[in-house]
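# Results of the structural survey
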Amino acid sequence: MTFPLFGRKSGRLYDYEPKGTAPGFKSLVDMGGGWGDADALVQVNLSEGGAGNDLYHRSGTSLYYTAERGGDTRLIGGGWDQYSLLVSVGNMGGSSHPDLVARGTDGTLWLYQGRADGTLAARVQIGTGGWNGMSALAGRGDYTGDGKADLVARGTDGTLYIYPGTGNAVANAALGARITVGTGWNIHKMIASAGDNDGDGRTDLIAADTAGLLWLFKGTGSPGAPFAPRVQIGTGGWAAFDTLF
């Protein structure tokens, strides 16, 4: 699937829609302000039968869900300040809706399976510890070619890994043995997944470097070499965003 890329700067959200048949994005759409208080933002396709570009957003201890159309915001629950990182990973648990992965402040990793109305099933632990050694997580697709959603993680040392999804929402069995993609990924300020950006049927990875350029890493579907050499798709200014998702 192909998704837009959302970004926030100075408390405003911006939407970059994919071109569809070519790498890159169309001109930005200003989604409005008032988002400066959100300390976690996650894009997820739940509403309208999976076609809606919806949001999970955390403010303080509470997590909320807002569908793309309708304007209603639903409180999912409290206690979400126990997590230092939230990311959408697509359908990792084998249900019919995309899921949410949360990293605990203690370094554990949890999977929340999504429901059609934006609520979440009870969490399942999928990582026992050590995940504080990762500076970024991304996903929303299959990077290894087996048809199952995977998790992309960047270590604090700049090493990029893929954790293949097993398709099972089973405690500490949702992820397979990690694959090392490469080193030097600390040159990128942010990484994100917008699904199949170039329309070739494979999930890609987006990265904004510290100089403000935007890059596309085309997915190959091969676990041994999951990405082709990067292609520049943004000419500058991307470092001004404090988050891309």
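Quick look at the structure, then. All figures in this text were calculated on a predicted structure; none of them were measured in a lab. (Residues numbered from 1 in each chain as written. Predicted model: local features only at pLDDT ≥ 70, side-chain atom pairs only at ≥ 80, totals over all residues. Heavy atoms only, no water.)

This brings us to the packing of aromatic side chains. Geometrically, a pair of aromatic rings is defined through the distance of the ring centres and the angle of the planes. This structure, assessed with the given rule, holds 14 aromatic pairs. Note on phenylalanine 6 and phenylalanine 245: the rings are 5.6 Å apart at their centroids and 85° apart in plane angle, and the pair reads as edge-to-face. Remark: phenylalanine 245 occurs in the segment after β20 (243-244) and phenylalanine 6 occurs in strand β1 (residues 5-9); sequence separation between them is 239 residues. Its relative accessible area of 2% is what places phenylalanine 6 among the buried residues. Summarising the aromatic geometry, the rings of tyrosine 143 and phenylalanine 227 are spaced 5.5 Å apart at their centres and angled 65° between planes, so their arrangement reads as edge-to-face. Within this pair, whereas tyrosine 143 is found in the loop between β12 (134-138) and β13 (151-155), its partner phenylalanine 227 is found in the loop between β18 (214-217) and β19 (231-234), the two being separated by 84 residues in sequence. In this structure, tyrosine 143 and phenylalanine 227 share a single accessibility class: buried. Note that lysine 9 overlies the ring of tyrosine 14, its terminal NZ or CZ placed 5.6 Å from the centroid. The side chain of arginine 140 reaches across the aromatic face of phenylalanine 3, ending 3.7 Å from its centre. (Phe/Tyr/Trp six-rings, centres within 6.5 Å; stacked < 30°, edge-to-face > 60°. Helix = DSSP H or I, 4+ residues; strand = E, 2+ residues; numbered from the N terminus. Buried < 20%, exposed > 50% of the residue type's maximum accessible area, 1.4 Å probe, protein only. Lys NZ or Arg CZ within 6 Å of the ring centre and 35° of its normal.)

Tallied over the entire structure, the rule returns seven salt bridges. Aspartate 30 is the salt-bridge partner of arginine 12, the closest N and O atoms lying 3.1 Å from each other. Here arginine 12 is found in strand β2 (residues 12-16), whereas its partner aspartate 30 is found in strand β3 (residues 29-32), with 18 residues between them in sequence. Notably, a salt bridge pairs aspartate 200 with arginine 202, separated by 3.9 Å at the nearest N-O pair. For arginine 202, a relative accessible area of 38% corresponds to the partly exposed category. (Salt bridge = Lys/Arg side-chain N within 4 Å of Asp/Glu carboxyl O.)

If you trace the four strands from one edge of the open sheet to the other, you get β16-β17-β18-β19, paired in antiparallel fashion. Taken across any chain shown, the strands that pair with only one partner, and hence form the sheet edges, are β16 (188-192) and β19. On average, each strand axis in the sheet is inclined to that of its neighbour by 30°, with strand direction left out of account. Bridge analysis of strand β17 (residues 205-209) against β18 gives four bridges, and the strand direction is antiparallel. Bridge assignment links leucine 205 to a residue of β18, and that residue is phenylalanine 217. (Pairing = 2+ DSSP bridges. Axes fitted to C-alpha atoms, helices over the stretch in contact; angles between N-to-C directions.)

Below, the discussion takes up the layout of surface pockets. Its volume calculated, the largest pocket comes out at about 540 Å³. As for the largest pocket, its lining consists of 30 residues, of which Leu85, Leu86, Leu137, Thr243 and Leu244 are closest to the centre. Put simply, the parts of the chain that give the lining of the largest pocket at least two residues each are β4 (40-44), β8 (83-90), β12, β16 and β20. Among the elements that line the lining of the largest pocket, the one with the most residues is β8, at five residues. (1 Å grid on protein atoms, 1.4 Å probe; cavity = no way out; pocket = protein on both sides within 12 Å on 5 of 7 lines; lining within 4 Å. Points joined across faces, edges and corners; volume = space filled by probe spheres on them.)

Okay, the environment of leucine 55 next. Within the fold, leucine 55 resides in strand β5 (residues 54-59). Accessibility expressed as a relative area gives 5% for leucine 55, which makes it buried. As a C-alpha pair, leucine 55 and alanine 67 span twelve residues in sequence and 6.4 Å in three-dimensional space. If near-sequence neighbours (up to four positions away) are discounted, leucine 55 is found in contact with Phe6, Leu13, Trp35, Val42, Gln43, Tyr64, Tyr65, Thr66 and Phe245. (Contact = heavy atoms within 4.5 Å.)

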